[in-house]
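# Chain and residue survey
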Amino acid sequence: MKTLAIKVKSRLLNRLRNDEHAALLGSIDILIEANSEALPEIQPLYGNFHRLYREEGGIYKRDATAVETKFIVAVHRTRRAAFILVRRSVEAASYDDDPALRDAAAMLKEVLRNHRSVTTVSMYEVTPLVHNMIEDLRKPRYVAAVTTLGLDAAVGKLEARNEEFRDIYLERAHNREVFDIQGSMEGIRPKVNSAFLDLAGGINAYYLSKRLSGKADAENPYRDIIVSIDGFVEQARLNLERRRRGAHRAKDDPGDVGALIP
């Protein structure tokens with residue numbers, strides 16, 4: 001009779017997508033945790049696997065796209081548009097036949113000239129420039145000119161967009177620091193794989209040990225665990241094969257590092 005054992009190779013684990021990897025090992029983690037009292041011998045191995053898998057889960061589930069570049073770029077574009085609205089409104093007023101509007105435009109051009117690099121520097125350098133520009137526009141020298149040109153709302157919108165960009169940038173900087181501490185999926189997956197293969201080897205070994213000591217499969221708690229884990233692994237393998245057009249079930253490479261298979 002063929003010996004029952006978990007049959008899993010590192011090659012399969014390495015080929016899974018992050019979501020598939022997290023799902024497979026998450027199912028295994030839940031299974032063993034639910035049966036921990038019946039499996040005292042493997043608890044040290046499981047403890048190491050559980051710790052590393054939880055770390056992987058945290059990395060996988062973190063909202064890495066919440067403040068991705070595409071979002072911060074979009075906010076910067078709206079900020080830039082708000083700045084251009086103010087600038088072009090001032091430029092247009094400078095051609096008006098109303099001398100009061102032309103005088104107000106001339107006043108505000110002083111501020112715009114001092115902050116003309118807003119549209120040429122990197123988006124990360126824009127924030128303090130716009131902040132300083134708005135502070136200038138609210139100085140007694142310029143506040144009347146802003147009102148004369150009806151730009152109070154436009155300046156308020158520019159300030160709001162600038163603050164929105166700053167908040168997202170600070171959030172992203174914080175998240176990146178957290179991500180650096182947590183690590184990446186690329187860094188954690190090999191550790192989780194190694195811990196799982198050790199755990200699988202332990203489960204196989206203790207099942208075989210109890211079987212050789214005369215314990216029937218019906219009384220061997222490791223039997224059902226092996227059957228269930230093998231089912232999870234087989235489903236992951238089938239999912240992988242479905243993605244590979246024309247793929248066939250490949251033979252294990254001699255160099256693969258697998259679980260201990262008695």
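Up top is the structure.
Just so it is clear, the model here is predicted, and its values are computed rather than measured.

Analysis parameters
Residues numbered from 1 in each chain as written. Predicted model: local features only at pLDDT ≥ 70, side-chain atom pairs only at ≥ 80, totals over all residues. Heavy atoms only, no water. Core = buried A, V, L, I, M, F, W, Y, C linked by side-chain atoms within 4.5 Å. Buried < 20%, exposed > 50% of the residue type's maximum accessible area, 1.4 Å probe, protein only. Helix = DSSP H or I, 4+ residues; strand = E, 2+ residues; numbered from the N terminus. Contact = heavy atoms within 4.5 Å. Patch = residues over 30% accessible without salt bridge, like charges linked within 9 Å, V, L, I, M, F, W, Y side chains within 5 Å. Areas by Shrake-Rupley, 256 points an atom, 1.4 Å probe, with all protein chains shown as cover. Salt bridge = Lys/Arg side-chain N within 4 Å of Asp/Glu carboxyl O. Axes fitted to C-alpha atoms, helices over the stretch in contact; angles between N-to-C directions. Parallel < 35°, antiparallel > 145°, perpendicular 65-115°, else oblique. Nonpolar A, V, L, I, M, F, W, Y, C, P; charged D, E, K, R; others polar. Left-handed = near helix turned anticlockwise from the far one by under 90°. Expected span 1.5 Å × (residues − 1). Polar contact = N/O pair within 3.5 Å; in protein donor to acceptor, adjacent residues only side chain to side chain.

Ranked by size, the top nonpolar core spans 34 residues in total, and within it Ile32, Phe49, Phe196, Ile203 and Ile229 carry the most contacts. The element that contributes the greatest number of residues to this core is helix 9 (residues 185-212), accounting for 10 residues. Excluding anything up to four places from it in sequence, Ile203 contacts Ile6, Ile32, Ile42, Tyr222, Ile225, Ile226 and Ile229. Membership of the second largest hydrophobic core comes to 26 residues, among which are Ala104, Val126, Leu137 and Leu149.

With that settled, the discussion passes to a nonpolar patch on the surface. Taken together, the side chains of Tyr124, Tyr169 and Leu170 present a nonpolar region at the surface, about 280 Å² in accessible area. For Tyr169, the location among the structural elements is in helix 8 (residues 152-182).

Two elements in contact, helix 2 (residues 18-34) and helix 10 (residues 221-243), have axes whose closest approach is 10 Å; the angle formed by their N-to-C orientations is 170°. Put simply, helix 2 runs roughly antiparallel to helix 10. In this structure, helix 2 uses Glu20, Leu24, Ser27, Ile28, Leu31 and Ile32 to contact helix 10, whose residues at the interface are Ile225, Ser228, Ile229, Phe232, Val233, Ala236, Asn239 and Arg243. In terms of residue class, the contact of helix 2 with helix 10 is made up of nine nonpolar, three polar and two charged.

The next thing to look at is the packing of helix 5 (residues 99-114) against helix 6 (residues 123-137). The relative placement of two packed helices is expressed as an angle between their axes plus a distance between the axes. It is the contact of helix 5 with helix 6, at a shortest axis distance of 10 Å, that shows an interaxial angle of 160°. With respect to helix 6, the element helix 5 is oriented roughly antiparallel. Note on packing geometry: the crossing formed by helix 5 with helix 6 is right-handed. Contact residues: helix 5 offers Leu108, Val111 and Leu112, while helix 6 offers Met133, Asp136 and Leu137. Tallied by class, residues from the contact of helix 5 with helix 6 come to five nonpolar, no polar and one charged.

Here helix 5 spans 23 Å end to end across 16 residues, near enough to the 22 Å set by a 1.5 Å rise per residue. Those residues of helix 5 not exposed but buried are Leu101, Ala104, Ala105, Leu108, Val111 and Leu112. For helix 5, the capping residue at the N-terminal end is Asp98, with a side-chain oxygen 2.9 Å from the backbone nitrogen of Ala100.

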